Amino acid sequence: MRKPILSIALCSLLVACAGAPRKSAHDSAAGASAAPAPAGPAANDNLNAVAWTQTAIEHDLVYREVYRVAGEKLRAALKDSTWDALPNRDRKQPLHSKLKPAVIVDIDETVLDNSPYQARLVANGKAYDEFTWSEWCREKRAKPLPGALEFAQGAAKRGITVFYLSNRAQDLNGATLENLRADGFPVENDGVFLGLGTVVDGCEQNGSEKGCRRALVGRTHRVLMQFGDQIGDFANVLANTAEGRQKAIAPYMAWIGTRWFVLPNPSYGSWEPALFNNDWSLRLMGPRRFSFERTGDTFWIKDVQNPSDRSHAVNYAMPYLKLTEDFALVSRVLDPVTERMVVLAGGLTGYGTVAAGEFLSNPAYIETITASAPSKWAHKNVEVLISTKVINGKSGPPKVVLAHFW
Ligand SMILES: [Mg+2]
């Protein structure tokens, strides 16, 4: 938690930056008895992070330090034909002399600074959403982060292709490439932007994971280095919990600062949901029949009416592509805070989440639970336990295991 006194001070700074009228100390003292103190801006979790990003010299120095160290290692990486920065599971194409050299950089908060967008959210009391994010990207005003441009240009001069592997949506490719080019980043061709939605033949991408796109680069290139502000920029994370994140990075610790270069992002990232075991929706669920549980490598759905039953479980130690069955919950519950109905859907893995989404989007599946539903069920809370068979890395149709109304 941030200290309240610091937040108050930073609120004042942000208001000043935003051009809002402020009284001088003299005015405040003189008018103290004449008018109530003006209400300050609402507390905002992102304020301190944005202030650090935009004003702390330490922020700039960390970026310069990382890119400088990387630049100094580039020559050795280029000369060593065994040097490769792809994690084992993404290196499908064995290394050979005909592979061209490349580096993979994430875009946001790795080479481009989007803190003006974050500041805009803070100043307007808004949270991130796809629409305002898309608007910001289309403005093409993101500036290079310290050291990034010099590194990328230096790499290009050595004949190294810079790939921009980003979770910006593929439809933002035009604006993003224009932004990068206008800033002076080397863009060999439009194909070096690999955004979210890039189709990779023969590779099943799960959500926003970047593994398939890394593997795609590896088909034609030896990847000397990777840069990012999330560990998902370097390797896939099977379970986004503190422990799962440690596990994903553990085999590659020796590569940190040599092949993998990590940059700081205090504003947002996968570290946030990991704080809550990835369960943002817990508050909305309240007391309920089913819950997601974890015992060691086993993630399972607990039924309070049969708590010893572990049949709805997935073992995370098993390779993701070898899973044969997954389970999910779909809940429609009254949020006690907003007094509105909220629909939640999630699986033990991405396969279950896909099946839950299919259940919600097809009325035929909804009808399968209405036959056993109590009267006036449309006004009640409902939880649905779903199973799905996984075949060759793809989820099958959702199957209702049990529906519970209350
Ligand atoms: Mg990023």
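### Here we look at the pairing of strand β1 (residues 100-105)
1) Next: Where β1 and strand β6 (residues 221-228) come together, six bridges link them in parallel fashion. By the bridge assignment for β6, Val103 is matched with Met225.
2) Next: Relative to strand β4 (residues 161-169), β1 runs parallel, the two being bridged by four bridges. From the neighbouring strand, Val105 faces β4, where its bridge partner is Tyr164.

### Things to note about the confidence of the model for the protein chain
1) Next: Here the protein chain averages 84 in pLDDT, while 85% of its residues score no lower than 70.
2) Next: Scored below 50 in pLDDT, residues 1-34 shows 24 contacts in the model against residues more than four places distant or in partner chains.

### Concerning the nonpolar core
Most often, soluble globular proteins keep nonpolar side chains buried together rather than apart.
1) Next: One finds Val103, Val162, Phe163 and Tyr164 to be the most contacted residues of the largest nonpolar core, which totals 44 residues.
2) Next: The set of elements that each furnish at least two residues to this core consists of α4 (57-79), β1, α7 (148-157), β4, β5 (193-196), α9 (211-220), β6 and β7 (260-262).
3) Next: Counting residues per element, this core draws most heavily on α4, at five residues.
4) Next: With residues up to four places along the chain from it excluded, the contact list for Val103 reads Ala155, Ile160, Val162, Val223, Leu224 and Met225.

### Notes on the packing of helix α3 (residues 47-55) against helix α5 (residues 115-124)
1) Next: Direction vectors running N to C along α3 and α5 enclose 145 degrees, while the axes themselves pass 10 Å from each other. Crossing angle aside, the handedness with which α3 passes α5 is left-handed. Contacts from Leu47, Val50, Thr53 and Gln54 of α3 reach α5 at Ser115, Gln118, Ala119 and Val122.
2) Next: Here the residues of the contact of α3 with α5 are counted per class, giving four nonpolar, four polar and no charged.

### Re the sheet that holds β4
1) Next: Ordered in space as β5-β4-β1-β6-β7, the five strands form an open sheet in which the pairing is parallel. With partners counted over all chains shown, the strands left at the sheet margins are β5 and β7, one partner each. Neighbour to neighbour, the strand axes of the sheet diverge by 20 degrees on average, direction disregarded.
2) Next: Docked against the sheet, α9 engages β1, β4, β5 and β6, running at close to 145 degrees with respect to β6.

### Let's talk about the sheet that holds strand β10 (residues 313-315)
1) Next: Reading across from one edge, β8-β9-β10 is the order of the three strands in this open sheet, with antiparallel pairing throughout. Each having just a single partner strand, β8 (290-295) and β10 make up the two edges of the open sheet. Pairwise comparison of adjacent strand axes, ignoring direction, gives a mean angle of 20 degrees for this sheet.
2) Next: As judged from the six bridges shared by β8 and strand β9 (residues 298-303), these two strands associate in the antiparallel manner.

### Describing helix α8 (residues 173-183)
1) Next: Turning to α8, its buried residues number three or more, namely Thr176, Asn179 and Leu180. Seen end-on, α8 carries its buried residues on one side only, within an arc spanning 95 degrees. The outward face of α8, more than 90 degrees from its buried face, is lined by the exposed residues Gly174, Arg181 and Ala182.
2) Next: Among the structural elements, β2 (112-113), α6 (130-139), β4 and β5 are those in contact with the buried residues of α8.
3) Next: Downstream of α8 by a residue or two, Gly184 has a phi angle that is positive, lying close to 100 degrees.

### What to know about the packing of α4 against α7
1) Next: Axis separation between α4 and α7 bottoms out at 9 Å; the angle between their running directions is 15 degrees. Comparing the axis directions of α4 and α7 gives the class roughly parallel. For the pair α4 and α7, the crossing hand works out as left-handed. Of α7, the residues touching α4 (which contributes Tyr63, Tyr67, Ala70, Gly71 and Leu74) are Ala148, Glu150, Phe151, Gly154 and Ala155.

Cut-offs used in this document
- Residues numbered from 1 in each chain as written.
- Predicted model: local features only at pLDDT ≥ 70, side-chain atom pairs only at ≥ 80, totals over all residues.
- Pairing = 2+ DSSP bridges.
- Helix = DSSP H or I, 4+ residues; strand = E, 2+ residues; numbered from the N terminus.
- pLDDT = per-residue confidence, 0-100.
- Contact = placed C-beta atoms within 7 Å.
- Core = buried A, V, L, I, M, F, W, Y, C linked by C-beta atoms within 7 Å.
- Buried ≥ 20, exposed ≤ 12 C-beta atoms within 10 Å, placed from the backbone.
- Axes fitted to C-alpha atoms, helices over the stretch in contact; angles between N-to-C directions.
- Left-handed = near helix turned anticlockwise from the far one by under 90°.
- Nonpolar A, V, L, I, M, F, W, Y, C, P; charged D, E, K, R; others polar.
- Arc of directions from axis to C-beta.
- Parallel < 35°, antiparallel > 145°, perpendicular 65-115°, else oblique.

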